[in-house]
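# An overview of the molecular structure
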Amino acid sequence: MSEFTARFATAAEIDRWDSLVTANPNGGNLLQSAAFAAVKGNYGWDTQFIAFEGPDYTSYNLVLEKSFPVLGRLWYFIKGPDVANVGEIPAMLEAVRDFVKRAKLNVFAVKIEPDVIAGEEAHAILRGAGLLKVPDLQPNDHTALLDISPAANELLRKLHSRGRNAVRRAIREEVEVVRMEATDATMRTMYELMVGTIAAKSTNQVRDFNYYRQFWTEFASRGQGHFYFVYEDGVASVGAFVINYGSKATYKDGGSLQKRSQYGDSHLVQWVAINDMKELGAVEYDFCGTPPADRLKDPTHPHHGLGLFKTSFTKTVTDFVGCYDLVLSPVRYKLWSRAGERVFRQLYTRRTGKQFY
């Protein structure tokens, strides 16, 4: 088994953070990016930049940190740690345990969320490392992934027939997709479309506009975020915000009017974005959130409506292992799990009106 050591990243490493994260074995994740760190730093989290050094590679990972009275610090490796294979996670966690103790960081628990595909062996390895399974946090812990490396003509042929037919019809009917700059007007339009769609197709809560404005601005200002719209009678009817991060692209946010006449418009938005992402070097397109594979047809799932659209491009749903907790202080973690997490989440939401995670 490989051995790892953990440390804080240097200032020089943080300066080139995105290039290091996207060079990780699994290619990193947009939620480990410098842009996302900047957003969460204004929304109740401190950010730490952690490097795991092993014999074959160094893995760079963003940690979100919160401090609580009595309990100490909680660390959240959002979509991490990034590993070559799940068998290396126990060694990384031992490195975290040693680092926290050696540096006297007062961390009582570490939450991890690696992009490791779920399976009996993967879950057995994580449980064997003493990790406790806890509820998932990110929508793309279950998601539709599309290999976009083939040439455009071949890729279109490989799409699920529902998506392919919708794209072709929209092209025939000359539906126009417009790429928009990240202005305040663009972002407000995007937000209004999102709110309407979530209200109609999902039970999820939507964050406030200021959160999304900062999120979109951080990624767009780095050349990583892109807005796409379709208009109908001069009114935006479909919108999408798509992120390119290393070799991965992600359909992060989207929305549409529920009553519109242009068939295939939302599919064509995705098709145009996919081809743009290919030109930027992406080989994988994440539709960012579906029901789990075994609940794909369950109409009671909060992502059911969105899942129907996303799986019209690819039938395959990828389930990741989701969130696990590493307990560093059993007494303090017991307080956290029994009441602390629930109480602190309620207090934070009451005080700020914002989501805890």
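Heads up: the structure comes first, above all this text.
Residues numbered from 1 in each chain as written. Predicted model: local features only at pLDDT ≥ 70, side-chain atom pairs only at ≥ 80, totals over all residues. Heavy atoms only, no water.

### Some thoughts on the nonpolar core
Here is the rule we go by: For the purposes of this section, nonpolar cores are sets of buried Ala, Val, Leu, Ile, Met, Phe, Trp, Tyr and Cys residues that join through side-chain atoms within 4.5 Å. Relative accessibility decides the category of a residue: with a 1.4 Å probe and only protein chains considered, values under 20% of the type maximum give buried, values over 50% give exposed, and everything between is partly exposed. By definition, residues are in contact when any of their heavy atoms lie within 4.5 Å.
With 49 residues, the main nonpolar core has F36, F108, F215, W216, F219 and W336 as its most contacted residues. Not counting the four nearest positions on each side in its chain, F108 is found in contact with F68, L71, G72, R73, L74, L326, V327, L328, S329, R332, Y333 and W336.

### Points about helix α10 (residues 265-279)
Rule in force here: Strands here mean DSSP runs of E at least two residues long; helices mean DSSP runs of H or I at least four residues long; both are numbered from the N terminus. In this scheme, a helix's expected span is set at 1.5 Å multiplied by one less than its residue total.
Between its first and last C-alpha atoms α10 spans 22 Å; for 15 residues at 1.5 Å apiece the expected length is 21 Å, and the two agree. Counted residue by residue, α10 has 13 buried out of 15 residues, so it is predominantly covered. Once α10 ends, the next one or two residues include G281, with phi positive near 105°.

### What about the packing of helix α7 (residues 161-172) against α10?
Inclusion rule: Axes, fitted as lines to C-alpha atoms, cover a helix only where it is in contact. Angles between the N-to-C directions of the axes lie from 0 to 180 degrees. Every angle not falling under 35 degrees, over 145, or within 65 to 115 is termed oblique; those three ranges are roughly parallel, roughly antiparallel and roughly perpendicular. Ten residue types, Ala, Val, Leu, Ile, Met, Phe, Trp, Tyr, Cys and Pro, are classed as nonpolar, four, Asp, Glu, Lys and Arg, as charged, and the remainder, Gly among them, as polar.
Where α7 contacts α10, the two axes come as close as 8 Å, and the packing angle between them is 95°. Viewed along their axes, α7 and α10 adopt a mutual orientation that is roughly perpendicular. When α7 is examined against α10, the residues G163, A166, V167, A170 and I171 are found in contact with a partner set consisting of D265, H267, L268 and W271. Of the residues belonging to the contact of α7 with α10, the class tally is 6 nonpolar, 2 polar and 1 charged.

### A word on the packing of aromatic side chains
Definition in use: Pairing of aromatic rings covers Phe, Tyr and Trp, the last through its six-membered ring, and needs centres within 6.5 Å; plane angles under 30 degrees mean stacked, over 60 mean edge-to-face, and all others mean tilted. For a lysine, the NZ atom is tested; for an arginine, the CZ atom; a charge sits over a ring if that atom is within 6 Å of the ring centre and within 35 degrees of the ring normal.
Taken as a whole, this structure holds 34 aromatic pairs when the rule is applied. For the pair F8 and F99, a centre-to-centre distance of 5.0 Å together with 75° between the ring planes defines the contact as edge-to-face. In this pair, F8 is assigned in strand β1 (residues 5-8) and F99 in helix α4 (residues 89-102), connecting sequence segments 91 residues apart. A relative accessible area of 33% places F8 in the partly exposed class. Judged by relative accessible area, F99 falls into the buried class, the value being 6%. Centre to centre, the rings of F309 and F313 are 5.6 Å apart; their planes meet at 85°, and the pair counts as edge-to-face. Exposure remark for F309: the relative accessible area of 18% places this residue in the buried category. One cation-aromatic arrangement involves K66 over F356; the distance from NZ or CZ to the ring centre is 4.7 Å.

### What to know about the layout of surface pockets
Spelled out, the test is: Points on a 1 Å grid, built from protein atoms alone, make a cavity when a 1.4 Å probe fits but cannot get out and make a pocket when they are open with protein on both sides within 12 Å along at least 5 of 7 lines; residues with an atom within 4 Å of a point are the lining residues. Grid points are joined across faces, edges and corners, and a volume is the space filled by probe spheres set on the points.
Approximately 290 Å³ is the volume found for the second largest pocket. Forming the walls of the second largest pocket are 19 residues, and the residues nearest its centre are D115, L145, K248, E284 and F320. Elements with a contribution of two residues or more to the lining of the second largest pocket: β11 (235-245), β12 (248-256) and β13 (284-286). Tallied by class, the residues present in the lining of the second largest pocket amount to 7 nonpolar, 8 polar and 4 charged.

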